[in-house]
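Remarks on the overall topology
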Amino acid sequence: MPVSPRHRILVLGGGSIGRRHAANLSLLGVRKIAVMEPDPVKRAALGKELDIETFNDASGAIAAFRPTIVFVCSPTKEHVPQALLAVRANADAFIEKPLSHAMEGTGELERVAAGRIVMIGCNMRFHPGPRKVKELIDSGAAGRVVRAHIHAASYLPDWRPQDDYRSSYSADPLQGGAILDFIHEIDLALWYCGPAALLHAAVEPAAEIGLTVDGKAVMKLGHSSGASSEISVSFVKKGYERGCTIEGTGGRIAWEYGKGVRLERKDGSAMEFFPEPPHYEPNRMYLDEIAYFLECVENRSTAFSGIIEGKAALAIALAARHGNRDCRGRNLA
Ligand SMILES: NC(=O)c1ccc[n+]([C@@H]2O[C@H](COP(=O)([O-])OP(=O)(O)OC[C@H]3O[C@@H](n4cnc5c(N)ncnc54)[C@H](O)[C@@H]3O)[C@@H](O)[C@H]2O)c1
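A few points on the structure.

This part takes up the pairing of strand E2 (residues 32–36). Taking burial as the measure, the 5 residues of E2 include 4 buried ones, the bulk of the element. Strand direction decides the pairing type here: strand E1 (residues 8–12) and E2, joined by 5 bridges, are parallel. Bridge pairing in E2 places Ile9 opposite Ile33. The parallel pair E1 and E2, bridged by helix H1 (residues 16–27), forms a crossover whose chirality is right-handed. The pairing of E2 with strand E3 (residues 53–55) spans 3 bridges and is parallel.

If you want it as structure tokens, here you go:
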């Protein structure tokens, strides 16, 4: 669908993900893009590189640029207050994951955003692996889902070798940690298996890389469908891995990042293999994600990953993060 020329898109936060979205919006044909970035060096570099207008504070940028859409790509603790500024100014909003670092303000955002299109970043849902897993689950290819295991690991010090990870938002006790960084995996568990509550969490600090935040966690969820899922995340394990195994009453679905999705019978014999497209470029999932969001805005249709879904994933993440073992059933819809 061609992008409407009426859109004026303001990106709040010109760091790694804000820069990516601004460049992708331009690739998708959006002509009026501005970025608000408080760091003067980054701001000047972005303005020059992308040839766009830049601002140094969120309220001023919204007043002067009058965006129809705001992309909230600032550090996590800024997401809710900045999304509130956006929807109060009648803009639609794309909010990067996680929705927030705390539940405070998320209910108010839900109320104020009524009538606006709001989507929470969920780029993994647009990756061909999880997308195929979801399609197979929904088609009943493996029967009714009984158990899921979803895992992700990526070594934080390797994420951006040019920056010191100890000063990143990931290292900040208020808004950092592996559980919030890998909230994609919680979102996928809810997407695959439906609403859930946290039953148990084993969380370990990232002491081996010199941080006090959670570095790895195993979370067990009970879904209202009767299925259970186990989610393992780590940013202290070296290397990169991502994948899942879904066990159903009629078979098994297994996804491995970079390889593809395998559908197996109950006895383990292969039924079908769906390889990852050759030379798949990870930026593709971000392009597909924002193209979908722009389509929702155009059609005034609810995004499949809105504030309700963002709150559900956040509630589980926070219960695990804060060692709340007494949340059985609380998050069940
Ligand atoms: N979906 C994904 O794959 C994905 C990937 C990376 C980050 N994220 C999320 O996006 C957010 C930003 O992450 P990042 O990796 O781009 O971080 P980053 O540190 O690279 O960039 C954040 C930028 O925000 C700027 N900033 C600081 N205070 C601000 C404020 N009050 N308003 C606006 N900008 C402000 C910083 O100067 C910095 O340039 C985080 O919440 C993170 O969880 C999502």
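Right, let's talk about the site of the ligand for a bit. Taken together, 24 residues form the shell around the ligand, and within it Glu37, Lys42, Thr76, Asn123 and Arg160 come nearest. For the ligand, an oxygen atom lies 2.7 Å from a polar atom in the side chain of Lys42. Here the ligand loses 84% of its free accessible area of 840 Å² to cover by the protein chains. Those elements that place two or more of their residues in the shell around the ligand are H1 and helix H4 (79–88). Of the residues assigned to the shell around the ligand, the class counts are 8 nonpolar, 10 polar and 6 charged. When residues of the shell around the ligand are assigned to domains, at least three map to each of domain 1 (8–116) and domain 2 (128–280 + 312–321).

Reading the values: the criteria
- Residues numbered from 1 in each chain as written.
- Predicted model: local features only at pLDDT ≥ 70, side-chain atom pairs only at ≥ 80, totals over all residues.
- Heavy atoms only, no water.
- Buried < 20%, exposed > 50% of the residue type's maximum accessible area, 1.4 Å probe, protein only.
- Helix = DSSP H or I, 4+ residues; strand = E, 2+ residues; numbered from the N terminus.
- Pairing = 2+ DSSP bridges.
- Right-handed = clockwise from strand over helix to strand, strands pointing away.
- Near = heavy atom within 4 Å.
- Polar contact = N/O pair within 3.5 Å; in protein donor to acceptor, adjacent residues only side chain to side chain.
- Areas by Shrake-Rupley, 256 points an atom, 1.4 Å probe, with all protein chains shown as cover.
- Nonpolar A, V, L, I, M, F, W, Y, C, P; charged D, E, K, R; others polar.
- Domains from an automatic or database assignment.

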